[in-house]
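# Coordinate inspection notes
Chain residues, written in single-letter form:
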Amino acid sequence: MKENHQYYELDAPKRAQNNSINNNQTDKSATKKVVLAEDNSLLLLLLKFRLQKEGYEILTATNGKEALELIQEHKPELVLTDIMMPFVSGLEIISHVRNKLKLETPIIIFSAAGQEEIVIKAFDLGATDFMSKPISPNELIIRVKKLLH
């Protein structure tokens, strides 16, 4: 029994060292701030959870006005926004980021199917990418990584 106990004690620093290495790798990604604007609270929480699991710092907004305030204050590395948002639309967010703030921040927009004209307008205003709803969290992660790494 004592041998096993000593074995675990000797092994413990190695495990602690491995954990700190893994935490440092997560910390690198955590420096990447993402503003997530979505008025559907369930979808917002799902996407926030999935993105945080990947190590991103997520700033959430449930309407376009909040999203603009977060973007201006935090200057995120990425903006994720629904097009149809209360107070300020996703199109207005894109326009504000590109024309008023003069930022080249990548912007991924979400939209329900059947809104092709609005999606084209979003790209004309400077959207970087588009995803139709319902959103696949795994597909979103792939697109986010592609833009940020």
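Data block above holds the structure.
## Some points on helix α4 (residues 90-100)
Buried residues of α4: Gly90, Leu91, Ile93, Ile94, His96, Val97 and Arg98, and no others. In this structure, the buried residues of α4 make contact with α3 (64-74), β3 (78-82), β4 (107-112) and α5 (116-125).

## Concerning unusual backbone geometry
Residue Pro134 is reached from Lys133 by a cis peptide bond, and omega for that bond is 5°. Following the sequence through the fold, Pro134 ends up in the loop between β5 (129-133) and α6 (137-148). Within the chain, Lys102 stands out as a residue other than glycine whose phi angle is a positive 55°. One can find Lys102 in the loop between α4 and β4.

## So, the pairing of strand β1 (residues 33-37)
Burial runs high along β1: 4 of the 5 residues are buried. Looking at chain direction, β1 and strand β2 (residues 57-61) are connected through 5 bridges and run parallel. When the bridges of β2 are listed, Ala37 appears paired with Ala61. Handedness of the crossover joining β1 and β2 through helix α2 (residues 41-53): right-handed. Two strands pair when backbone bridges link them, and β1 and β3 are joined in this way by 4 bridges, in the parallel orientation. Paired with Val35 across the two strands is Val79, which belongs to β3.

The rules behind the values
- Residues numbered from 1 in each chain as written.
- Predicted model: local features only at pLDDT ≥ 70, side-chain atom pairs only at ≥ 80, totals over all residues.
- Heavy atoms only, no water.
- Buried < 20%, exposed > 50% of the residue type's maximum accessible area, 1.4 Å probe, protein only.
- Helix = DSSP H or I, 4+ residues; strand = E, 2+ residues; numbered from the N terminus.
- Contact = heavy atoms within 4.5 Å.
- Pairing = 2+ DSSP bridges.
- Right-handed = clockwise from strand over helix to strand, strands pointing away.

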